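# Inside the fold
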Amino acid sequence: SSKQSVTVIGLGPMGQAMVHALLGKGYSVTVWNRTPSRADALVARGAVLAKSAEDALTANELVIVSLTDYDAMYALLEPASHALAGRVLVNLSSDTPEKARAGARWVSEHGGIHLTGGVNSSPSGIGQPGSSTFYSGPHEVFEAHRPVLEVLTGTDYRGEDPGLAALMYQIVVGMFWTSVLGYWQAIALADANGLTASEVLPHATKLLTGMPGFLSFSAERIDAGEHGGDVERLAMGLASVEHVLHTNADAGVDTTLPTAVAALFRRGIAAGHGTDSASSLVKLMKTAKA
Ligand code: NDP
């Protein structure tokens, strides 16, 4: 076919899902991975396993990288860095904005172009409607390759600065992990009291389904600098999170998370926000604790 041909480096769950999506749309795909056996099922479906990282880079102009972090990229590609010249490297590995900026400089020093990506999807969402990825880097280059990238997920271009996609990704994924940990804490507490995760599920679902209203109410007030205690007060919030902490402690489950939550609320009380909304914590959280 006349379809474009692309390289995918990194065949963890995410890279594998991406190769499947590309093959499914008729793209020719060259793959490379530190552990070659992870390519077996992809090769059986028509992907080409490169003989080396260098061959993987030279095979195609567009090189999609899906690794654990940027250090893994250097470990794999530093020995073949001369082959970066003329390549567009779309780095979908998670890392900090600073690591993304340094990675973009490194690729550019070797004559290539770097696009940063932050994938907001599980591997099962790759190639499915509704999933999306933050991108940043040279806009024209992003636009030129957008059709291939949209085989993977929808795209959300954040700007030229290579750190921007990583920044928005870390903002969202940080919230993902704390939300998920809140859920797992609830399940651990339930389990210690003879309840199953399935019994928690409808209540957890109800709580999170109600969140959009709270999020927009909260964003408007925070952006307007309003933290009045007319709806709830931080002092009430501290009493509430202490009850949660003690219930967990009494059940003998891990209290790392509720302890950290209570510590933040106490910091707010100490700063004199007891009669303000608990959202006043945002003002304190903007600076590292002294
Ligand atoms: P994994 O961490 O499972 O692995 C990705 C790849 O990194 C593997 O191919 C692995 O090689 C390679 N790798 C790691 N360290 C090195 C190294 N030092 N040298 C060479 N290769 C290395 O990641 P996923 O596939 O799950 O995800 C890829 C990226 O996507 C990550 O940055 C992740 O944060 C992000 N992401 C993942 C999601 C998910 O649900 N999986 C969701 C959203 C984003 P090998 O096979 O040889 O071990």
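Owing to the predicted nature of the structure, the values given are computational and were not obtained by experimental measurement.

## Some words on the domain arrangement of the protein chain
When the domains of the protein chain are assigned, the result is domain 1 (5-159) and domain 2 (168-285). Counting residues at the interface gives 8 residues for domain 1 and 4 residues for domain 2. Contact with domain 2 buries surface across domain 1, with Ser 94, Phe 134 and Arg 158 losing the most and accounting together for 56% of the total. Applying the counting criterion to the domain 1 and domain 2 interface returns 2 residue pairs in polar contact (both at pLDDT 80 or more). The element contributing the most residues to the side of domain 1 that touches domain 2 is strand 6 (residues 113-120), with 3 residues.

## Comments concerning the packing of helix 1 (residues 13-24) against helix 6 (residues 139-152)
In contact at an axis separation of 8 Å, helix 1 and helix 6 are set at 115° when each is read in the N-to-C sense. Taken together, the axes of helix 1 and helix 6 are roughly perpendicular relative to one another. The interaxial crossing formed by helix 1 with helix 6 has right-handed handedness. Along the contact surface, helix 1 presents Met 18, Ala 21 and Leu 22, while helix 6 presents Val 148, Val 151 and Leu 152. Looking at the contact of helix 1 with helix 6, its residues break down into 6 nonpolar, no polar and no charged.

## A look at the environment of Phe 217
Summarising the element assignment, Phe 217 is placed in helix 9 (residues 211-223). Since its relative accessible area comes to 41%, Phe 217 is described here as partly exposed. A C-alpha to C-alpha distance of 46 Å links Phe 217 and Asn 33, two positions 184 residues apart in sequence.

Cut-offs applied
Residues numbered from 1 in each chain as written. Predicted model: local features only at pLDDT ≥ 70, side-chain atom pairs only at ≥ 80, totals over all residues. Heavy atoms only, no water. Domains from an automatic or database assignment. Contact = heavy atoms within 4.5 Å. Buried area = accessible area lost by both parts, 1.4 Å probe. Polar contact = N/O pair within 3.5 Å; in protein donor to acceptor, adjacent residues only side chain to side chain. Helix = DSSP H or I, 4+ residues; strand = E, 2+ residues; numbered from the N terminus. Axes fitted to C-alpha atoms, helices over the stretch in contact; angles between N-to-C directions. Parallel < 35°, antiparallel > 145°, perpendicular 65-115°, else oblique. Left-handed = near helix turned anticlockwise from the far one by under 90°. Nonpolar A, V, L, I, M, F, W, Y, C, P; charged D, E, K, R; others polar. Buried < 20%, exposed > 50% of the residue type's maximum accessible area, 1.4 Å probe, protein only.

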